[in-house]
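Given next are the chains, with one letter for each unit.
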Amino acid sequence: FDRDCSVQLRNQKVVEVAPSRMHPGLRQRITDCAVRLIANCDYRGVGTVEFMVAGELSDPDARFVFMEVNPRVQVEHTITEEVTGVDIMKT
């Protein structure tokens, strides 16, 4: 599930928006890349795949680049749980 963490202060997230306000086409492209990456690594478990978008989130053709995979539950997981209704820790 996507979260927009654009608002930062000294490299610390200040505001997170979930789901992010991005174009559905851009969301699909990013999701497809994340799923392919994880599938090709044969990764099992909970994790976060991070991308940076260059341009406007409303642009379905915006460029984006892979940043990192965090192979753990992040502190922000509660935001995803609240939006999706899924208890990540129990799942």
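Relevant structure appears above.
Residues numbered from 1 in each chain as written. Predicted model: local features only at pLDDT ≥ 70, side-chain atom pairs only at ≥ 80, totals over all residues. Heavy atoms only, no water.

Colleague: Could you give an account of the overall build of the protein chain, with specific residues and numbers?
Modeller: Counting its secondary structure elements, the protein chain contains two helices and four strands. Reading the helices (α) and strands (β) of the protein chain from amino to carboxyl end gives β-β-α-β-β-α. Its C-alpha radius of gyration of 13 Å places the protein chain within 12% of the 12 Å reference for a compact globule of 91 residues. Seen along its three principal axes, the alpha-carbon backbone of the protein chain occupies a region of about 35 × 30 × 25 Å. For the protein chain, buried positions account for 23% of its 91 residues. At a minimum sequence separation of 6, the contacts of the protein chain that also span at least 24 residues come to 43%. Accessible surface for the protein chain amounts to roughly 6,600 Å². Of this, 54% is attributable to carbon and sulfur atoms. Here the protein chain carries 11 positive and 14 negative side-chain charges, and the mean point of each set is 2 Å from the other. (Helix = DSSP H or I, 4+ residues; strand = E, 2+ residues; numbered from the N terminus. Rg over C-alpha atoms; globule rule 2.2 N^0.38 Å. Buried < 20%, exposed > 50% of the residue type's maximum accessible area, 1.4 Å probe, protein only. Contact = heavy atoms within 4.5 Å. Areas by Shrake-Rupley, 256 points an atom, 1.4 Å probe, with all protein chains shown as cover. Lys, Arg positive; Asp, Glu negative; His and termini not counted. Charge placed at Lys NZ, Arg CZ, Asp CG, Glu CD.)

Colleague: Please set out the pattern of salt bridges residue by residue, giving values where relevant.
Modeller: Applying the stated rule across the entire model yields four salt bridges. With a shortest N-O distance of 2.6 Å, R27 and D2 are connected by a salt bridge. Linking R27 in helix α1 (residues 24–40) with D2 in the segment before β1 (4–9), this pair joins segments that are 25 residues apart in sequence. By relative accessible area, which is 23% here, R27 ends up partly exposed. The salt bridge involving D42 is made with R44; its shortest N-O contact spans 3.2 Å. (Salt bridge = Lys/Arg side-chain N within 4 Å of Asp/Glu carboxyl O.)

Colleague: Got a sec to walk through helix α2 (residues 77–84)? Specific residues and values, please.
Modeller: Within the sequence span of α2, burial applies to H77, T80 and E81. Down the axis of α2, the smallest arc covering the buried residues is 100 degrees, so these residues share one side. At the exit of α2 stands G85, carrying a positive phi of roughly 75 degrees. (Arc of directions from axis to C-beta.)

Colleague: Pulling in residues and values, what's your account of the environment of D2?
Modeller: The class of D2 is buried, set by a relative accessible area of 17%. Separated by 78 residues in sequence, D2 and T80 place their C-alpha atoms 8.0 Å apart. Look past the residues within four positions of D2 in its chain and what remains in contact with it is V17, A18, P19, S20 and R27. A polar contact of 2.7 Å, which involves the side chain of D2, links it to the side chain of S20. In terms of polar contacts, D2 uses its side chain to reach the side chain of R27, at 2.6 Å. (Polar contact = N/O pair within 3.5 Å; in protein donor to acceptor, adjacent residues only side chain to side chain.)

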